[in-house]
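# Topology and contacts: notes
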Amino acid sequence: PDANNFIWQKPVVWSYAEPNTSFREEMGPNHVTGLDGDPHKEKRAYLKPAFTMSSAMKFMPAFHRVFRDGINEVAGSGEPVDIVPFWAELITWGNTQTVARSEIPRDVTKRMTRWEVQMLRGLFLDDSKAPYYEREEYRRLREETFEWLGKIVDARLENPDAIQDNYGEILKLRLKAEGDAVSREHLINDLYFVLLAGTDNTAALINYALMELYATPQWIDWLREELDLWDGENVMELQHMTRLKAVIMETQRIRPGALQLFKYAVKPFEFGGYQIPANTDVLHLNNLGHFLEEFYPDPLTFNPERFIEKQRFVPKTFGFFGGGSHVCLGRNHTMMQTPVVLATLFKSCELEFSQGFSRHLEASYSGGRSEKAIMARFRPRS
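Notes on the structure in this doc start here. Every chain's residues receive numbers from 1 upward, in the order its sequence appears when written. Note on the predicted model: pLDDT of at least 70 is required for a residue's local features to be given, and 80 or more for side-chain atom pairs to be given and counted; whole-chain, interface and lining totals, by contrast, use all residues. Side-chain figures throughout are based on the complete set of non-hydrogen atoms in the structure, without hydrogens or water.

This next bit is on unusual backbone geometry. You will see that Asn 279, though not glycine, has its phi angle at about 65 degrees, which is positive. Tracing the chain through its elements places Asn 279 in the loop between β5 (274-276) and β6 (280-284). Phi is positive for Asp 298, which is not a glycine, with a value near 50 degrees. Where helices and strands are cited, they refer to DSSP runs of H or I of at least four residues and of E of at least two residues respectively, numbered from the N terminus. Of note, Asp 298 is situated in the loop between β6 and α15 (306-309). Residue classification places Asp 298 among the partly exposed positions, given a relative accessible area of 45%. Residue exposure (1.4 Å probe, protein chains only): buried if accessible area is under 20% of the type maximum, exposed if over 50%, otherwise partly exposed.

Attention shifts here to the pattern of salt bridges. Any Lys or Arg side-chain nitrogen found within 4 Å of a carboxyl oxygen on Asp or Glu counts as a salt bridge. Applying the stated criterion to the full structure yields 24 salt bridges. A salt bridge links Asp 228 to Arg 381, with the shortest nitrogen-to-oxygen separation between them at 3.2 Å. Residue Asp 228 is located in the loop between α13 (218-227) and α14 (242-254), and its partner Arg 381 is located in the segment after β10 (375-380); the two are separated by 153 residues in the primary sequence. Between Arg 253 and Glu 250 there is a salt bridge; the shortest N-O distance is 2.7 Å. In this pair, Arg 253 and Glu 250 are both assigned in helix α14, 3 residues apart and thus about one turn of the helix distant. Note on accessibility: Arg 253 and Glu 250 belong to one class, buried. Overlapping salt bridges bring together Lys 43, Arg 174, Glu 178 and Asp 190 as one network.

A few words now on the packing of helix α5 (residues 60-77) against helix α6 (residues 83-97). Comment: axis = line fitted to C-alpha atoms, over the contacting stretch for helices; angle = value between 0 and 180 degrees taken between N-to-C directions. Put simply, α5 and α6 touch, their axes get as near as 9 Å, and they point 135 degrees apart. Considering the angle they form, α5 stands oblique to α6. The handedness of the crossing between α5 and α6 comes out as right-handed. For the pair α5 and α6, the contacting residues are Phe 63, Val 66, Phe 67, Gly 70, Ile 71 and Val 74 in the first and Phe 86, Trp 87, Leu 90, Ile 91, Trp 93, Gly 94, Asn 95 and Gln 97 in the second. A class-by-class count of the residues in the contact of α5 with α6 yields 10 nonpolar, 4 polar and no charged. Roughly parallel means an angle under 35 degrees; roughly antiparallel, over 145; roughly perpendicular, 65 to 115; everything else is oblique. Here a crossing is called left-handed whenever its near helix is offset anticlockwise from the far helix by less than a right angle, and right-handed whenever the offset is clockwise. In what follows, residue pairs with any heavy atoms lying within 4.5 Å of each other are defined as contacts. Residues are grouped as follows: Ala, Val, Leu, Ile, Met, Phe, Trp, Tyr, Cys and Pro are nonpolar; Asp, Glu, Lys and Arg are charged; every other residue, Gly included, is polar.

With that settled, consider the environment of Met 249. Position of Met 249 among the secondary structure elements: in helix α14. Since its relative accessible area comes to 15%, Met 249 is described here as buried. The spacing of Met 249 and Phe 307 is 58 residues in sequence and 7.2 Å in space, taken between C-alpha atoms.

Let us now look at the sheet that holds strand β2 (residues 81-82). Taking strand neighbours across the sheet as the criterion, the 3 strands line up as β2-β10-β7 in an open arrangement whose pairing is antiparallel. Edge positions in the sheet fall to β2 and β7 (349-353), since each of these pairs with one other strand and no more. Examined bridge by bridge, β7 and β10 share 5 bridges and lie antiparallel to one another. Of the residues in β10, the one forming a bridge with Glu 352 is Arg 377. Pairing between two strands requires that DSSP report at least two bridges joining them.

Classification of ring pairs rests on two measures: the distance between centres of Phe, Tyr or Trp rings, Trp counted by its six-membered ring, which must be within 6.5 Å, and the angle between planes, read as stacked under 30 degrees, edge-to-face over 60 and tilted in between. In total, this model carries 20 aromatic pairs according to the counting rule given. Summarising the aromatic geometry, the rings of Tyr 133 and Tyr 138 are spaced 4.9 Å apart at their centres and angled 40 degrees between planes, so their arrangement reads as tilted. Here Tyr 133 falls in the buried class, since its relative accessible area comes to 6%. Each residue in the set Phe 6, Trp 14, Phe 269 and Phe 271 is aromatic and connected to the rest through ring pairs, giving one cluster. We note Arg 135 situated over the ring of Tyr 132; from NZ or CZ to the ring centre the distance is 4.2 Å. Think of it as a cone above the ring: NZ of Lys or CZ of Arg counts as a charge over the ring if it is within 6 Å of the ring centre and within 35 degrees of the ring normal. In this structure, Arg 174 is placed above the aromatic ring of Tyr 46, and the distance from its NZ or CZ to the ring centre is 4.0 Å.

Side chains of β6 alternate between two faces, with Thr 280, Val 282 and His 284 buried and Asp 281 and Leu 283 left unburied. As paired strands, strand β3 (residues 261-265) and β6 are joined by 5 bridges and run antiparallel to one another. Within β6, the position partnered with Ala 265 by the bridge is Thr 280.

A word on the sheet that holds strand β1 (residues 14-15). Strand order across the open sheet formed by 3 strands is β1-β3-β6, with antiparallel pairing between neighbours. Only two strands of the sheet have a single partner each, and these edge strands are β1 and β6. The strands touched by helix α1 (residues 2-9) within the sheet are β1, β3 and β6, with β6 carrying the most contacts at an inclination of about 125 degrees.

Function-wise, these values are silent; they only describe arrangement.
Set out below in structure tokens:
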């Protein structure tokens, strides 16, 4: 906790551009993940209106309809679905109907989501990163994604006031500050954050919640006792469901998306009695606190009830979304979309896994992603 507090409260000590060079190489020099200091503050100021809690909440009913229709569609087909990419594809499709309204065909949004997943996987490769990004499939997916992002931006610039959504709020700020000098490349990168960024992270959180719940079915029964009182329509009621919130918090605790982060110190600092010089690489175990017995007893056991007993997590131990000025931009949207998906799914369906389901899965990408398909049928509940 002391390390988390120090790192999150001392942004001037760290360069995020140095360890996140791969982001800037693949996504451009204006990518917020690889910016430091004033450029980072400026970029986040432009993006902020699209990621506030109010901007996330206002689209909850619309997202609920998208998720409900998507779940009903696969349940009606009776065919197994790979749930690893399924939620990310559905969220991206929902984004085109809500936060970044655009006329993108459904099959295109699926390929855009596939590009996003592959782009993120490549960032964490070493010597094999260059040939990975040069693969024909990857280049084709990337070119198609950015072609569509560019077309949307061009249409918005022709009539900036035509569509009122979260991306429109960013566009207004950009045009007010930069006028005719506004950068098309920056606007495309802004649109990427609203339309695609974070969909893979949210999908992983949903899937890990499903894995943990189906590995311990008593928690499904416990959760459904609460959800069966819900009418299935008024999504605003979900914010009062303590068991649903507890399941999500416990999933974040036991299945963090990134087990560690790499930092680069640009200033000397003292910590724990040690003098650390500038230009030092630092490994930040941002989620180690999730597994410390003194904060979370029996930490390797999935136990959502712990978050009802305590009513809250222990603040500086929890690193799922990071902290400080570089805290995850999309956390409000993740924390809005995840309960809507889980509530809608458990209210209406049972999952039937096609091949011996196990919560012990081969994972990579800092430990936070399944690398194999998880096939499941969505069976309507009686």
